[in-house]
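Chains, contacts and geometry: an overview
Chain residues, written in single-letter form:
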Amino acid sequence: MVDESHPGDDALIEARDLQRHFGGIAALRGASLVVRTGTIHALVGENGARKSTALGAIAGRLHIDTGSITIAGRDATRMTPLDTQAIGLAANYHQLTIIPGMTACADVFLSYTPVQTGFVKSSTMRARYRALCARVGVSIPPEARAGNLWVADRQMLEIMRAVESGARIILFDESTSSLVQAERDTLFRLMRELRANGVTMVLVSHNLNEVLAISDEITVFRNGRTVRIAPAAEWTRETLLAAMLGQAAPDLMASRRAAKRAAGDARPVIRIDRAADCGASRPTMGAARLVGRRL
Amino acid sequence: MHVARTDHDTFGSGMIAWLPISGWINIGTFIAGGVLLSRTILGQGIYAVVGSSEAARLAGLRVNLLRASTYLIVGALTGLAGAIDTSMLGVAQTDQGQSLTLLSITCVILGGNALLGGEGAMWRTVIGLMIVATLSNLFDSLAINTQVQLIIQGVVLVAAVSFDHFVRSVSIVGRKA
């Protein structure tokens, strides 16, 4: 049930009927994405819904088998990252593209190094880097080796690279996944600033609350297909979950309530006592679940 | 193949001021290489492509052009080194300079450059070269067999790579609270 009542004539990105196979596996199965100029467009879906594949196709990272991609009125179906960059698109990919052996400063300016007759203008670059750090609220030393930084700092470097690029379209593929709340807030402030300046953004995120809070329109993918494109105001957390999972939201909420009720009586499944005495110098425990799924 | 020209050895053994011509060429190459790698857009691109070619491609760099440029520069410098070696020895053979491969890799790694590339600096190679040259002179003065010298070079190389790997694996920059 693809609702295409909102694409409008001011679409900056139009990706239609995208199909892509990896070996014998169908990844994209006719997905479409229409992003209007000057908006923040969220793309959500379960893991494996092929959100990143679609963004990769738009950015030129990979090519689709069939379908069409138009960016700013130009056919971008067979473009490379270099080509899409030339028409003003910057992408933050799910897999970080920071070069580990370079300095933080050089990594941020990798695509847009200030030069004069082939020579890097190091002082200009460092001054711009410091200003950018102040703008996004981080304090990563410019000479720090990027590969030695924590993942969140590397993610911030990617975001800084996209912001510094001056692009008119920015794709954020799970750019908030490693960030703490304060950094997420800073990123969203930046995104609002950029939107006010006419920049169009696509955000992929599993955090539905932040998606509903920041975006103007939301597209839901499921199994490589577009389920629905609609303005954010028309979505709720429950309808988003239902569209992502292909199940009715009331069932999900009922199961959640039942789980909460049961939690009062339930005996613990895993119990860890005196973790510090277990022998490991820094005991760590992790638990994960798919958004919308019970653990 | 014997080189018949009498002035052929000038390139490898001739002197300008107090230094052999090959020494001047060496210094010039180090300075030019250092400037190219650390100060130019080409050098940055080379570091990026060798560090992660996929990341460089996604960042919009012309990866194939940068690769071709690197091979071109390295090929030209290898040719220059071959010409100097031939001039110093006065003969040219197809398998000449085979032992120089291990020697040059040892210089690069011993100076602290990454084995797989992507990070390092020209001055580090200079330090590596000095260490290797000092060791080589020491071995010669002690009249150590060439085969044994090669074994020692290999051991030094393995130790340097292991140390480099250890240092890189434990070094993490702490982030702000």
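Placed above this text is the structure.
Report follows, based on the coordinates.

How each quantity is defined
Residues numbered from 1 in each chain as written. Chains lettered and ligands numbered in written order. Predicted model: local features only at pLDDT ≥ 70, side-chain atom pairs only at ≥ 80, totals over all residues. Heavy atoms only, no water. Helix = DSSP H or I, 4+ residues; strand = E, 2+ residues; numbered from the N terminus. Contact = heavy atoms within 4.5 Å. Buried area = accessible area lost by both parts, 1.4 Å probe. Salt bridge = Lys/Arg side-chain N within 4 Å of Asp/Glu carboxyl O. Buried < 20%, exposed > 50% of the residue type's maximum accessible area, 1.4 Å probe, protein only.

This part takes up unusual backbone geometry. All names here are of chain A. In the Ramachandran plot, R50 falls in the positive-phi region, its phi being about 80° despite a non-glycine side chain. Topologically, R50 is positioned in the loop between β3 (40–44) and α1 (51–59). Even without being glycine, N223 reaches a positive phi, approximately 50°. With respect to the helices and strands, the residue N223 is situated in the loop between β11 (217–222) and β12 (225–231).

Attention now goes to the interface of chain B and chain A. Every contact between the two is made by 27 residues of chain B and, on the other side, 30 residues of chain A. With both sides pooled, the region where chain B packs onto chain A buries about 2500 Å², and carbon together with sulfur makes up 59% of that total. In this assembly, chain B and chain A are joined by one salt bridge. Ionic pairing is found between R145(A) and E119(B), a salt bridge with its closest N-O pair at 2.6 Å. At the level of elements, α2 (21–39), α3 (41–51) and α4 (53–58) of chain B are the ones that each hand at least two residues to the side of chain B that touches chain A.

What follows deals with the pattern of salt bridges. Residues and elements named next belong to chain A. If you walk through the whole model with that rule in mind, you get 13 salt bridges over all chains. Between R161 and D107 there is a salt bridge whose closest N-O contact spans 3.2 Å. Placement of the pair is R161 in helix α5 (residues 151–164) and D107 in helix α3 (residues 104–108), with a sequence separation of 54 residues. For the pair R161 and D107, one class covers both residues: buried. For E210, the salt bridge is made with R184, and the minimal N-O distance between the two is 2.8 Å. Remark: R184 occurs in helix α6 (residues 181–196) and E210 occurs in helix α7 (residues 208–214); sequence separation between them is 26 residues. Both residues of the pair, E210 and R184, belong to the buried class. Within this structure, D10, R36 and E217 form a network of salt bridges that share partners.

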